[in-house]
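# Close look at the chain arrangement
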Amino acid sequence: QVQLVESGGGLVQTGRSLRLSCAASGNIFHISNMRWHRQVPGKQREMVASITSDGTTNYADSVKGRFTISRDNVKNTAYLQMSSLKPEDTAVYYCNADIETGERRWVFDKWGRGTQVTVSS
């Protein structure tokens, strides 16, 4: 059994920064793609950033230049450094990953439970 746990959310003022973490645990052999998504009540979940196992990144236009995704493959952890935060960044942020277990089985689109980020104006 593998799981993802997000942390680092909270309440911040406009223009400030936050760093989210996503820790994967369990019987893990390898993690390929890791992603951050966010969701506002009543709206579709949107992908914010992604990173491959070799470090290739991709960002939504709305966060380019402000957010940075990174990962530590030894710790099986992904990070999302969020800077110049805006009220419209307020959402629940979810981590998502494709994981190969120790049994060499793939778990695609494994989700964490999310962490709330609230940006006050």
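In this report, the structure presented in the accompanying data block is examined. (Residues numbered from 1 in each chain as written. Predicted model: local features only at pLDDT ≥ 70, side-chain atom pairs only at ≥ 80, totals over all residues. Heavy atoms only, no water.)

The next subject is the side chain of aspartate 98. In this fold, aspartate 98 is placed in strand 9 (residues 91-101). Within the local environment of aspartate 98, its side chain forms a polar contact with the side chain of arginine 35, the two groups lying 2.6 Å apart. Excluding anything up to four places from it in sequence, aspartate 98 contacts His30, Ile31, Ser32, Asn33, Arg35, Trp106, Val107, Phe108 and Asp109. (Helix = DSSP H or I, 4+ residues; strand = E, 2+ residues; numbered from the N terminus. Polar contact = N/O pair within 3.5 Å; in protein donor to acceptor, adjacent residues only side chain to side chain. Contact = heavy atoms within 4.5 Å.)

With respect to topology, 4 strands assemble into an open sheet ordered 1-3-8-7, the strand pairing being antiparallel. The sheet terminates laterally at strand 1 (2-7) and strand 7 (67-72), the two strands that pair on one side only. Across the sheet, the axes of successive neighbouring strands diverge by a mean angle of 15°, strand direction being ignored. Where strand 3 (residues 18-26) and strand 8 (residues 77-82) come together, 6 bridges link them in antiparallel fashion. Looking at the pairing, serine 21 lines up with tyrosine 79 of strand 8. (Pairing = 2+ DSSP bridges. Axes fitted to C-alpha atoms, helices over the stretch in contact; angles between N-to-C directions.)

Turning next to the state of the cysteines. Per the counting criterion, the structure on display carries 1 disulfide. Each sulfur of the disulfide joining cysteine 22 and cysteine 95 lies 2.0 Å from the other. Taking the sign of the torsion about the S-S bond as the criterion, the disulfide between cysteine 22 and cysteine 95, at about -75°, is left-handed. Linking cysteine 22 in strand 3 with cysteine 95 in strand 9, this pair joins segments that are 73 residues apart in sequence. Judged by relative accessible area, which is 0%, cysteine 22 ranks as buried. On the basis of relative accessible area, cysteine 95 is assigned to the buried category, the value being 0%. (Disulfide = S-S within 2.5 Å. Buried < 20%, exposed > 50% of the residue type's maximum accessible area, 1.4 Å probe, protein only.)

With that settled, consider the pattern of salt bridges. Opposite charge on two side chains lets them pair, provided their charged atoms get close. Taken as a whole, this structure holds 6 salt bridges when the rule is applied. Here glutamate 46 makes a salt bridge to arginine 38, at a shortest N to O gap of 2.7 Å. Residue class for arginine 38 comes out buried when judged on its relative accessible area of 7%. Two residues, arginine 66 and aspartate 89, come together in a salt bridge whose shortest N-O distance is 2.7 Å. Of this pair, arginine 66 sits in the loop between strand 6 (57-59) and strand 7 while aspartate 89 sits in the loop between strand 8 and strand 9, placing them 23 residues apart in sequence. The class for arginine 66 is buried, based on a relative accessible area of 12%. What makes aspartate 89 buried here is its relative accessible area of 1%. (Salt bridge = Lys/Arg side-chain N within 4 Å of Asp/Glu carboxyl O.)

On to the pairing of strand 7. Only one face of strand 7 is buried, namely the one carrying Phe67, Ile69 and Arg71, since none of Thr68, Ser70 and Asp72 on the opposite face is buried. Sheet topology places strand 7 next to strand 8; 6 bridges connect them, and they run antiparallel. Bridge pairing in strand 8 places aspartate 72 opposite threonine 77. Where strand 7 folds back on strand 8, the antiparallel hairpin that results is connected by 4 residues, among which asparagine 76 adopts a positive phi of roughly 55°.

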